[in-house]
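For reference, the chains in residue letters:
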Amino acid sequence: MAVLTTPNLNVMIRAAEKASRSLIRDFGEVENLQVSTKGPGDFVSAADRRAEEIIFEELKKARPDFGFLMEESGKIEGKNPDNRWIVDPLDGTTNFLHGIPHWAISIALETRGEIIAGVVYDPIKDEIFHAEKGLGAFMRRSRLRVSGRSDLMQATIATGAPRNSKESREQFFKEYNAVMNITPSLRRFGAAALDLSYVAAGRCEAFWERELKSWDVAAGWLIVKEAGGFVCDIDNDRNNPVETGNILAANGTLYDDIKKVLKAA
Ligand code: IPD
Ligand code: CA
Ligand code: CA
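Not measured: the values here are computed from a predicted model. (Residues numbered from 1 in each chain as written. Chains lettered and ligands numbered in written order. Predicted model: local features only at pLDDT ≥ 70, side-chain atom pairs only at ≥ 80, totals over all residues. Heavy atoms only, no water.)

S.K.: Now, about the sheet that holds strand β8 (residues 142-143): what can you tell me, with residues and values included?
M.R.: Here we have 8 strands laid out as an open sheet, ordered β2-β1-β3-β4-β5-β6-β7-β8, and mixed in their pairing. The sheet is open, and its two borders are formed by β2 (74-76) and β8, each paired with just one other strand. Relative to strand β6 (residues 127-132), strand β5 (residues 114-122) runs antiparallel, the two being bridged by 6 bridges. Within β6, the residue paired with Tyr121 across the bridge is Ile128. On top of the sheet, helix α2 (residues 41-62) reaches β1 (67-70), β2, β3 (83-91) and β4 (104-111); it is set at about 150 degrees to β3, its chief contact. Strand contacts of helix α6 (residues 214-226): β1, β3, β4, β5, β6 and β7 (136-139), with the helix running at about 100 degrees to β5, the strand carrying the most contacts. (Pairing = 2+ DSSP bridges. Helix = DSSP H or I, 4+ residues; strand = E, 2+ residues; numbered from the N terminus. Contact = heavy atoms within 4.5 Å. Axes fitted to C-alpha atoms, helices over the stretch in contact; angles between N-to-C directions.)

Following this line, the structure appears as structure tokens:
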């Protein structure tokens, strides 16, 4: 049956939709700037900050006491220490910068250290993925379920590459190679929040990436779980991937195999 969104989720969706209008306008401008000598670099960081400001204002208006963890502005303590919003106003900045229509807004609500609601909105495709703890994951009104594919040869696996150090790049290539040996179809789409949402929607069987930040994965983590998928820290089941940023998400049948391969790489 169709979802009934709760007040928190409504607030999050409203904030994402409002910010999306500003981002869509700016995305249109990027095409002009793309061909200028200066390029759209500074303009895109301003677009990013504008979107974050809109989301901040909307969420603050609706829940004045909640805290924030946002990519651009960092931590803002709230009067209410139990609740905070985790916000990436533009996930997939490099795509946005190049006029590639694959980027999203990601907003999660964390209550006493646990993610209880998540929204990932891709305004160009008008796809809004959302979930609340215990209430399932949805795209608009359709329920999301991870894919039922159990044959690795039929699987599509998304990933992303860390840029931070030579060591992390080398580790990535080892893992990429190892996964390539068990499945032919790897993808690098460039927006981690959407990669996770695509696992939830059954479009990809799995996604892994290291060195992400909480704002990249907080909403997507819940969306995958509520769609019946498995999500973990790649190295240690006791760690929380929303904190470590080393994340593997997969459908239940392929999860163990992929995890084994990544660990052995
Ligand atoms: C990035 C995207 C990308 C991932 C990067 C992230 P940003 O977020 O999610 O897919 O590979 O590691 O930093 O910078 O576009 O918000
Ligand atoms: Ca991001
Ligand atoms: Ca971002």
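The discussion continues.
S.K.: Got a sec to walk through unusual backbone geometry? Specific residues and values, please.
M.R.: Of note in the backbone geometry, Arg112 takes a positive phi value of approximately 45 degrees without being a glycine. Secondary-structure assignment places Arg112 in the loop between β4 and β5. By relative accessible area, which is 63% here, Arg112 ends up exposed. Phi is positive for Glu211, close to 65 degrees, though the residue is something other than glycine. (Buried < 20%, exposed > 50% of the residue type's maximum accessible area, 1.4 Å probe, protein only.)

S.K.: Would you mind going over the site of ligand 1 in detail, with residue names and values included?
M.R.: Close contacts around ligand 1 come from 13 residues, with Asp91, Gly92, Thr93, Gly190 and Glu209 the closest. At 3.1 Å, a backbone N or O of Leu90 approaches an oxygen atom of ligand 1. Gly92 has a polar backbone atom sitting 2.7 Å from an oxygen atom of ligand 1. Starting from 380 Å² of accessible surface for ligand 1 in isolation, the protein chains cover 84%. (Near = heavy atom within 4 Å. Polar contact = N/O pair within 3.5 Å; in protein donor to acceptor, adjacent residues only side chain to side chain. Areas by Shrake-Rupley, 256 points an atom, 1.4 Å probe, with all protein chains shown as cover.)

S.K.: Now, about the packing of aromatic side chains: what can you tell me, with residues and values included?
M.R.: For the coordinates displayed, the defined rule picks out 11 aromatic pairs. Geometrically, the ring pair formed by Phe96 and Trp103 is edge-to-face, given 4.9 Å between the ring centres and 70 degrees between the ring planes. When sorted by exposure, Phe96 lands in the same class as Trp103, which is buried. Between Phe189 and Tyr198, the aromatic rings sit 5.8 Å apart at their centres with planes inclined by 65 degrees, giving edge-to-face as the arrangement. (Phe/Tyr/Trp six-rings, centres within 6.5 Å; stacked < 30°, edge-to-face > 60°.)

S.K.: How would you explain the sheet that holds strand β13 (residues 247-250) if you had to name every residue and give the values?
M.R.: On the basis of which strands lie adjacent, the open sheet formed by 5 strands has the order β10-β9-β11-β13-β12 and mixed pairing. Of all the strands in the sheet, the pair left with one neighbour each is β10 (185-187) and β12 (230-233). Ignoring strand direction, the axes of neighbouring strands in this sheet form an average angle of 15 degrees. Strand contacts of helix α5 (residues 192-200): β9 (156-159), β11 (206-209) and β13, with the helix running at about 155 degrees to β11, the strand carrying the most contacts. Running over the sheet, α6 touches β12 and β13 and is turned about 140 degrees from β12.

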